[in-house]
Amino acid sequence: MSHPDASPAEIDASESPSFFARKFGITSIKEDRIRWNKDWETCLKSLKNSGVVFEEMQFVLRKCYEEYPGFLPDIQKDVIRKQNALQTLLASMFSQGNFATVWLLLDEPNRQKHLMHGLVQASERALFHEDARASCPEITMTGLLKGSGNALLKFLELFQEMKSSVSEDAPCLMPCEWWDHVVDDVPKPLSDEDQFVHAMLAMVRNDFIAEFIIGVAESFSRAVVNKDKDIKSILNVMEQDLSIADGFAHALKTKRDKPIIRCENCEKSASELGSDARFMVCSTCKAKLKFSLHYCSQKCQTEDWKRHKVNCGKKAISKRLPGTAGDSTWAYPAVPDMYREMLNNGNGRTMNLRDIGAGTPQFVRSSALQLQVSMIEADKDADYFLFTASQEPIRFVVHEFFMKMVFRLLRTNAMSSKERTGTCALAQYLLKEMASTPGLSKESILRQLSSEYGIDMEVALKEFTERGGPSNETFLEKMGKGVRAMGPKLMSMGG
């Protein structure tokens, strides 16, 4: 620790070794940062209560009280200054820089890198350096990585909330139940010295937190500005289509810890059925397959028997209802709908795009669309069929994996959703790729699609194109690039 007469600006991490590092045998930060952090996390777990920090640090702080009575106001001003600057920085990052989206889409090693920078910077710059970390049990790599990095975002949001609740000339004291008991074992009423030590420790704690957040923000912002390799692909997705990146980020932010239970017949969850809901399982499937198929009542189980009896006790097959264990994306309730069916058809690189079909229609399909559906179901390698004036079919195939994925997902929406969502995107892409093919033309393709989907495709496509603005790329091509860049994150959601 530094000499108590030193001002905050004069404190140097190299002056003397950390007290807690000596006591708990913590590896030097200069020797091995990874080991140093692990040692610190072990140290924080071993501290039985926050009173230990008061007990161990009171001696040097009492010297401050005796020899430098103006130390506390000076430190307080310094912490307030940092917190005010940090509040402005975070507000900008969250509102303009899409920080949350990029942070959630980073892989864990890169989130670790930015968190480590924050921990090291705080341990070098904060008052009492790494000893101050003993007062911040919530600042751990393990804890802040939870929920795909969502734990850090919640911590930053809490800081913003707490800072907004106090005036600019007052310090923000971050809440922590563990820390609330720091003076429980100190005789009451607190003496002037003990009050000083208590107030100083609060500043030491919140100074470390501020320096840590500043360090993470600086490291992250530098990576964004420099378009580091780990962040460049995410930024490219956001430039192409921010909605894709936002959709996946939102899915990660709302990640569940465990699957929910739904009735296999009425499909209702416990929250929809009420607090008295009690589920039963198919006893045969449970005994023979160790597979749970849930029902909310005997009535629902009886009604579902006609469907279930074919597989009962033989195959572990369910409806894969959203959020249930049968849904491979159960952990991500907010995963974009257009990807859910595809993710439930397979995992990783073995995903079979041939299984992405026409879907269940929510409208009455025209005879022309019924013909199209029958043809793509008979030839699952074909993505669409276009017809010449003499009704000769021309087979259209998308070869690139992610482009094919997007095309088929949009095709499913167009052929099944009541709103025919995705129709214009398909039309735009088909025109670009096939309008110059012998036997086809722009007019013939638009006529065919209008007949299939029951809309004036020329008018709809014009409005769709105008909304998207001038571009050499179709909506589907932009979306394909985005999904390609997000591929690893997308695949991990179905695993």
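Since we're looking at a predicted model, the values are computed, not measured. (Residues numbered from 1 in each chain as written. Predicted model: local features only at pLDDT ≥ 70, side-chain atom pairs only at ≥ 80, totals over all residues. Heavy atoms only, no water.)

**Focus on unusual backbone geometry**
Now for step 1: Residue Pro189 is bonded to the preceding Lys188 through a cis peptide linkage, with omega at -5°.
Now for step 2: Here Pro189 lies in the loop between α8 (150–164) and α9 (192–226).
Now for step 3: The residue His129 is not glycine, and still its phi comes out positive at about 50°.
Now for step 4: Relative to the helices and strands, His129 is located in the loop between α6 (108–125) and α7 (141–144).
Now for step 5: Of note in the backbone geometry, Gln391 takes a positive phi value of approximately 65° without being a glycine.
Now for step 6: Inspection of the secondary structure assignment puts Gln391 in the loop between β3 (384–387) and β4 (393–396).
Now for step 7: With a relative accessible area of 54%, Gln391 lands in the exposed category. (Helix = DSSP H or I, 4+ residues; strand = E, 2+ residues; numbered from the N terminus. Buried < 20%, exposed > 50% of the residue type's maximum accessible area, 1.4 Å probe, protein only.)

**Points about the packing of helix α17 (residues 401–416) against helix α18 (residues 423–434)**
Now for step 1: Interaxial distance between α17 and α18 falls to 8 Å at its minimum, and their mutual angle equals 135°. Classified by the angle between their axes, α17 and α18 sit oblique to one another. You can see that α17 and α18 cross each other, and the crossing is left-handed. Contacts between α17 and α18 involve Met403, Phe407, Leu410, Arg411 and Ala414 from the former and Thr423, Ala425, Leu426, Tyr429 and Leu430 from the latter.
Now for step 2: The residue makeup of the contact of α17 with α18, split by class, is 8 nonpolar, 1 polar and 1 charged. (Axes fitted to C-alpha atoms, helices over the stretch in contact; angles between N-to-C directions. Parallel < 35°, antiparallel > 145°, perpendicular 65-115°, else oblique. Left-handed = near helix turned anticlockwise from the far one by under 90°. Contact = heavy atoms within 4.5 Å. Nonpolar A, V, L, I, M, F, W, Y, C, P; charged D, E, K, R; others polar.)

**Observations regarding the packing of aromatic side chains**
Now for step 1: The full count for this structure, using the stated rule, is 16 aromatic pairs.
Now for step 2: With a centroid separation of 6.5 Å and 85° between ring planes, the pair formed by Tyr384 and Phe407 is classed as edge-to-face. Of this pair, Tyr384 sits in strand β3 while Phe407 sits in helix α17; the two residues are 23 residues apart in sequence, bridging distant segments of the chain. The exposure classification of Tyr384 matches that of Phe407, with both residues buried.
Now for step 3: Joined through ring pairs, the aromatic side chains of Phe19, Phe20, Phe24 and Trp40 make up one cluster.
Now for step 4: Here Arg133 stacks its cationic end above the ring of Trp36, 5.2 Å away from the centre of that ring.
Now for step 5: Of note, Arg420 hangs over the ring of Phe363, and the distance from its end group to the ring centre comes to 3.8 Å. (Phe/Tyr/Trp six-rings, centres within 6.5 Å; stacked < 30°, edge-to-face > 60°. Lys NZ or Arg CZ within 6 Å of the ring centre and 35° of its normal.)

**Regarding the confidence of the model for the chain**
Now for step 1: Averaged over every residue, the pLDDT of the chain is 85; residues scoring 70 or more account for 83%.
Now for step 2: Taken element by element, the chain is modelled with least confidence in helix α15 (residues 337–343), mean pLDDT 54, and with most confidence in β3, mean pLDDT 97.
Now for step 3: Within the model, the stretch residues 1–15 combines pLDDT values under 50 with 36 contacts to residues more than four positions away or in other chains.
Now for step 4: Note that pLDDT drops below 50 for residues 346–350; the model gives that stretch 5 contacts with residues more than four away or on any other chain. (pLDDT = per-residue confidence, 0-100.)

**Side note on the nonpolar core**
Now for step 1: By size, the foremost hydrophobic cluster in this structure holds 74 residues, and its most contacted members are Leu61, Leu115, Leu152, Met200, Leu201, Phe212 and Ile213.
Now for step 2: For this core, the element with the most residues is α9, which contributes 17 residues.
Now for step 3: Filtering out sequence-adjacent residues up to four positions away, Leu61 remains in contact with Phe128, Phe196, Val197, Met200 and Leu201. (Core = buried A, V, L, I, M, F, W, Y, C linked by side-chain atoms within 4.5 Å.)

**Some points on the environment of Asp456**
Now for step 1: Structurally, Asp456 can be placed in the loop between α19 (442–453) and α20 (457–468).
Now for step 2: In this structure, the C-alpha to C-alpha distance between Asp456 and Leu446, residues 10 residues apart in sequence, is 8.4 Å.

**Topic: helix α14 (residues 298–308)**
Now for step 1: When we look at burial in α14, the residues that qualify are Cys300, Gln301, Asp304 and His308. Seen along its axis, α14 keeps its buried residues to an arc of 90°; they face one direction. Facing away from the buried side of α14 by over 90 degrees, the exposed positions are Lys299, Thr302 and Lys306. (Arc of directions from axis to C-beta.)

**Overview of the side chain of Gln448**
Now for step 1: Summarising the element assignment, Gln448 is placed in helix α19.
Now for step 2: Among the residues examined, Gln448 registers a relative accessible area of 12% and is labelled buried.
Now for step 3: Aside from chain neighbours lying at most four places away, what touches Gln448 is Gln372, Tyr384, Phe385, Leu386 and Phe387.

**Overview of α17**
Side chains three or four residues apart in an α-helix point the same way, a direct result of the helix having 3.6 residues per turn.
Now for step 1: In this model α17 runs 22 Å from its N-terminal to its C-terminal C-alpha over 16 residues, within 8% of the 22 Å that 1.5 Å per residue would give.
Now for step 2: Counting buried positions along α17 yields 14 of 16 residues, so the element is predominantly enclosed.
Now for step 3: The N-cap residue of α17 is Glu400: its side-chain oxygen and the backbone nitrogen of Phe402 are 3.1 Å apart. (Expected span 1.5 Å × (residues − 1). Polar contact = N/O pair within 3.5 Å; in protein donor to acceptor, adjacent residues only side chain to side chain.)

**Focus on the pattern of salt bridges**
Now for step 1: The final tally for this structure, using the stated rule, is 18 salt bridges.
Now for step 2: A salt bridge links Arg81 to Asp78, with the nearest nitrogen and oxygen atoms 2.6 Å apart. A residue pair is termed a helical-turn pair when its members lie 3 or 4 positions apart in one helix, as Arg81 and Asp78 do in helix α4 (residues 71–95) at 3 residues.
Now for step 3: Residue Glu477 is joined to Lys432 by a salt bridge in which the shortest nitrogen-to-oxygen separation is 2.9 Å. (Salt bridge = Lys/Arg side-chain N within 4 Å of Asp/Glu carboxyl O.)

**Regarding a negative patch on the surface**
Now for step 1: A cluster of acidic residues, Glu55, Glu177, Asp180, Asp184 and Asp185, forms a negative patch on the protein surface.
Now for step 2: Looking at the secondary structure, you find Asp184 in the loop between α8 and α9. (Patch = residues over 30% accessible without salt bridge, like charges linked within 9 Å, V, L, I, M, F, W, Y side chains within 5 Å. Areas by Shrake-Rupley, 256 points an atom, 1.4 Å probe, with all protein chains shown as cover. Lys, Arg positive; Asp, Glu negative; His and termini not counted. Charge placed at Lys NZ, Arg CZ, Asp CG, Glu CD.)

**A look at the pairing of β3**
Now for step 1: Neither face of β3 is left uncovered, since the one carrying Tyr384 and Leu386 and the one carrying Phe385 and Phe387 both have all their residues buried.
Now for step 2: Connecting β3 to the antiparallel partner β4 that follows it, the hairpin turn spans 5 residues, and Gln391 within it adopts a positive phi of roughly 65°. (Pairing = 2+ DSSP bridges.)

**Things to note about the state of the cysteines**
Now for step 1: Summed over all chains, the structure comprises 0 disulfides.
Now for step 2: The thiol of Cys263 is not disulfide-bonded; the next cysteine sulfur, from Cys266, is found 3.7 Å away.
Now for step 3: In this model Cys285 remains outside any disulfide bridge; the closest cysteine sulfur is found in Cys282, 3.8 Å from its own. (Disulfide = S-S within 2.5 Å.)

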